[in-house]
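# Structural features, examined
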Amino acid sequence: MTIGVLALQGAFEAHVKALDSLGIAAKLVRTPPELADLDGLVMPGGESTTMLKFLEKNGFFDVLQSFVRHTPTFGTCAGCILLAKDVKNPTQKSLAALDITVERNAYGRQIDSTILTAPTNLPGNPLEMVFIRAPRITRTGPGVEVLANRDGFPVLVHEGHLLAATFHPELGADLRVHQLFLDIVQAHRPS
Amino acid sequence: MADHTTNGNFGSPSLRLKTGLAEMLKGGVIMDVMNVEQARIAEEAGAISVMALERVPAMIRAEGGVARMANPKLIKQIIAAVSIPVMAKARIGHFAEAQVLQTLGVDFIDESEVLTPADESFHIDKHAFTTPFVCGARNLGEALRRIAEGAAMIRTKGEPGTGDVVHAVQHMRQIVREIKALTVLDDAELYNAAKVHGAPYELIRMVAKAGKLPVPNFSAGGIATPADAALMMQLGAESIFVGSGIFMKERATPLDVENDPKERAEAVSRAKAIVIATTHFNDPKIVAEASEAVTGTMKGLAAAAIEESELMQTRGW
């Protein structure tokens, strides 16, 4: 399978390494034509405002929006913000593919960043979750499955072919979230 | 099992959070800003972060005097004005300034040679802070000494406030060359390398094994054009700091972004172009288009014309 990692800015390299550990040689995506022929896309953490500036040029936004409507996509942190239906603090444009509302920088600034280990709906042990200037999912639509929580708010969500996390599985050694995404991609491929 | 960040299994949870934010800042541009309007322009242009300071290096160089941490009031205004991370500078060794910056909620502290050093022997013990630090370096030994003190990001120094990229290139090439040289040494030779570089053996061994620094390596100092940014990214920088290159015109005069729409547009054009060139550093066609959109540039000051005693890059030990 061919997986792309959006590489406009942010932690794309860490995602490439995580996917490499699972035997996937990911392709970097910086322009709209590079989305062609992908079976799945990872949108990394970084600054969603910066990524939006690039998407607003050369019709990238529209191409990406139609891509994420049909093709498995995994967004972490800024990537989760881009996928969300609604974005608050401040209100900003998004791809509106995943039926959630996200509040940016909701846990505070960098001094409030933290690493937590908690049980999740993933098989196996509790999951280590690295939160960096993290957003908060404040609403989930009826079709959204919540796989992990922090203080009662969802931090890992799944809806159809879309997966999103407000934490950074690419910054840890546990590959279960990336594996889950690859399983979603596999299930979505035409047999 | 290996960790997937630049830092490998390096360090404590606290250090992982610090280098984690540095990971998020990769492939982008951090812009020096002196007021709220400049911070807004930077965010609007796609900066990943802003560095709040009272005077950019070009002004410090021209005006002289003691350069210190920015006024907390200015930093708070900038934090309130933008949604992206905010950095601010503390003087080398001035841990009390750093404590103030941490209290204000600054996301990254730059222990910077651009300001007048406060301690001629010791840098700040950066492990003592929750807020991550970035420090300048001209060579591998200097970079590893800063990392040993707790820096979560290194930026090559260049010569700030000049608009002349020559020393940024020199320092990046030096660090990359010294890293490459370590990767072919055997264990016995690594002990001596630690002595030669004046850096802890454990860090030397880590760099030799990984072929890169254990924290992200950004570039700063004299970067003034989109092509400068593309150059530094191709030489191995993971992000770009731009100081005087965006908001300055003739020597030490800032563009009037608050009252003059033409000068505001000029600053926006430069900021946007450098952001585009940093992401698409490997695509000369896009760098060319970005360069074409720029109106005006910082006049600049050839680094070779600066007296040795006036250099900022030699501060830090």
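Residues numbered from 1 in each chain as written. Chains lettered and ligands numbered in written order. Predicted model: local features only at pLDDT ≥ 70, side-chain atom pairs only at ≥ 80, totals over all residues. Heavy atoms only, no water.

## Here's the deal with the overall build of chain A
What chain A contains, in helices and strands, is five helices and twelve strands. For chain A, whose C-alpha radius of gyration is 15 Å, the value lies close to the compact-globule estimate of 16 Å for 191 residues. The dimensions of chain A, computed from C-alpha atoms along their principal axes, are 40 × 35 × 30 Å. A total of 191 residues make up chain A; the buried ones form 60% of that total. Relative to all contacts within chain A whose residues are 6 or more apart in sequence, the contacts with residues 24 or more apart total 62%. A total of about 7,000 Å² of accessible surface is found on chain A, and carbon and sulfur atoms cover 49% of it. Chain A carries 17 positive and 19 negative side-chain charges, and their two centres are separated by 6 Å. (Helix = DSSP H or I, 4+ residues; strand = E, 2+ residues; numbered from the N terminus. Rg over C-alpha atoms; globule rule 2.2 N^0.38 Å. Buried < 20%, exposed > 50% of the residue type's maximum accessible area, 1.4 Å probe, protein only. Contact = heavy atoms within 4.5 Å. Areas by Shrake-Rupley, 256 points an atom, 1.4 Å probe, with all protein chains shown as cover. Lys, Arg positive; Asp, Glu negative; His and termini not counted. Charge placed at Lys NZ, Arg CZ, Asp CG, Glu CD.)

## A word on the packing of helix H2 (residues 36–45) of chain B against helix H12 (residues 261–279) of chain B
Residues and elements named next belong to chain B. Two numbers describe how H2 lies on H12: the axes approach to 9 Å, and their chain directions differ by 40°. Classed by the angle they form, the pair H2 and H12 counts as oblique. Note that H2 runs across H12; the crossing there is right-handed. Contact with H2, carried on its side by Glu37, Ile41, Glu44 and Ala45, involves Arg264, Val268, Ala271, Lys272 and Val275 of H12 and no other residues of that element. (Axes fitted to C-alpha atoms, helices over the stretch in contact; angles between N-to-C directions. Parallel < 35°, antiparallel > 145°, perpendicular 65-115°, else oblique. Left-handed = near helix turned anticlockwise from the far one by under 90°.)

## Quick word on the sheet that holds strand S12 (residues 162–165) of chain A
All names here are of chain A. With mixed pairing, the seven strands of this open sheet are ordered in space as S2-S1-S3-S4-S12-S11-S10. Across the chains shown, the open sheet's two edge strands, defined by having one partner strand only, are strand S2 (27–29) and strand S10 (145–150). Strand-to-strand twist of the sheet, defined as the mean angle between neighbouring strand axes without regard to direction, takes the value 20°. Of the pairings in the sheet, the one linking strand S4 (residues 73–76) to S12 comprises four bridges and is parallel in character. When the bridges of S12 are listed, glycine 75 appears paired with alanine 164. (Pairing = 2+ DSSP bridges.)

## Observations regarding the interface of chain A and chain B
Between chain A and chain B, the residue contacts involve 40 residues of the former and 42 residues of the latter. Interface of chain A and chain B: buried area, both sides summed, is about 3,200 Å²; carbon and sulfur atoms make up 59% of it. If you sort the residues of chain A by the area they bury against chain B, Arg109, Gln110 and Ile111 of chain A come out on top, with a joint share of 20%. Linking chain A to chain B there are five salt bridges. With a shortest N-O distance of 2.5 Å, arginine 109 of chain A and aspartate 107 of chain B are connected by a salt bridge. Applying the counting criterion to the chain A and chain B interface returns 20 residue pairs in polar contact (both at pLDDT 80 or more). At the level of secondary structure, the elements contributing two or more residues to the side of chain A that touches chain B comprise helix H1 (12–21), helix H2 (48–55), strand S7 (114–118) and strand S8 (127–131) of chain A. Class assignment of the residues belonging to the side of chain A that touches chain B gives a composition of 15 nonpolar, 14 polar and eleven charged. (Buried area = accessible area lost by both parts, 1.4 Å probe. Salt bridge = Lys/Arg side-chain N within 4 Å of Asp/Glu carboxyl O. Polar contact = N/O pair within 3.5 Å; in protein donor to acceptor, adjacent residues only side chain to side chain. Nonpolar A, V, L, I, M, F, W, Y, C, P; charged D, E, K, R; others polar.)

## What about the pattern of salt bridges?
Applying the stated criterion across every chain yields a total of 33 salt bridges over all chains. Among the ionic pairs, glutamate 13 of chain A bridges to lysine 17 of chain A, the shortest N-O distance being 3.5 Å. Highlighted residues: glutamate 13 of chain A and lysine 17 of chain A, both in helix H1, separated by four residues, approximately one helical turn. Notably, a salt bridge pairs glutamate 37 of chain B with arginine 264 of chain B, separated by 2.8 Å at the nearest N-O pair. Of the two residues, glutamate 37 of chain B is situated in helix H2 and arginine 264 of chain B in helix H12; the sequence distance between them amounts to 227 residues.

## Structural notes on the pairing of strand S5 (residues 133–137) of chain B
Residue and element names in this part refer to chain B. The element S5 is extensively covered by neighbouring structure, given that five of its five residues are classed as buried. Neither face of S5 is open: one carries Phe133, Cys135 and Ala137, the other Val134 and Gly136, and all of them are buried. With four bridges connecting them, S5 and strand S6 (residues 153–156) associate as parallel partners. Considered in S6, the bridge of valine 134 is made with methionine 153. The parallel pair S5 and S6, bridged by helix H6 (residues 140–148), forms a crossover whose chirality is right-handed. (Right-handed = clockwise from strand over helix to strand, strands pointing away.)

## Let's talk about the packing of aromatic side chains
If you walk through the whole model with that rule in mind, you get six aromatic pairs over all chains. Seen in terms of ring centroids, tyrosine 107 of chain A and phenylalanine 131 of chain A are 6.3 Å apart; in terms of plane orientation they differ by 50°. Their pairing is tilted. Of the two residues, tyrosine 107 of chain A sits in the loop between strand S6 (98–103) and S7 while phenylalanine 131 of chain A sits in strand S8, which places them 24 residues apart along the sequence. Owing to a relative accessible area of 15%, tyrosine 107 of chain A belongs among the buried residues under this scheme. Each ring, one from phenylalanine 129 of chain B and one from phenylalanine 133 of chain B, has its centre 5.2 Å from the other, and the planes form 70°; the classification is edge-to-face. (Phe/Tyr/Trp six-rings, centres within 6.5 Å; stacked < 30°, edge-to-face > 60°.)

## Re helix H5 (residues 95–104) of chain B
Residue and element names in this part refer to chain B. What H5 keeps buried is the set Glu97, Ala98, Leu101 and Gln102. The arc enclosing the buried residues of H5, seen along the axis, measures out at 140°, which places them on a common side. Just downstream of H5, glycine 105 is the residue with a positive phi angle, here 90°. (Arc of directions from axis to C-beta.)

## Some words on unusual backbone geometry
Residues and elements named next belong to chain A. The omega torsion across asparagine 89 and proline 90 is -10°, close enough to zero to call that bond cis. Checked against the element boundaries, proline 90 lands in the loop between strand S5 (84–88) and S6. Phi is positive for asparagine 89, which is not a glycine, with a value near 60°. Unusually for a residue other than glycine, asparagine 105 sits at a positive phi of about 45°. Within the secondary structure, asparagine 105 sits in the loop between S6 and S7.

## Here we look at the packing of helix H8 (residues 187–197) of chain B against helix H9 (residues 201–210) of chain B
Residues and elements named next belong to chain B. Their axes nearest at 9 Å, the elements H8 and H9 cross at an angle of 115°. On the basis of their axis angle, the class for H8 and H9 is roughly perpendicular. The way H8 lies across H9 gives a crossing that is right-handed. Contacts between H8 and H9 involve Leu190, Tyr191, Ala193, Ala194 and His197 from the former and Tyr201, Ile204, Arg205 and Ala208 from the latter.

## Observations concerning the sheet that holds strand S9 (residues 136–140) of chain A
Through backbone hydrogen bonds, the strands of a sheet pair up, either in parallel or in antiparallel fashion. Residue and element names in this part refer to chain A. What the three strands build is an open sheet, ordered S5-S6-S9; its pairing is mixed. Edge positions in the sheet fall to S5 and S9, since each has one partner strand and no second. Averaged over all pairs of adjacent strands, the angle between strand axes in this sheet comes to 25°, irrespective of strand direction. For S5 and S6, the ladder comprises four bridges, and the chain directions are parallel. Considered in S6, the bridge of valine 87 is made with valine 102.

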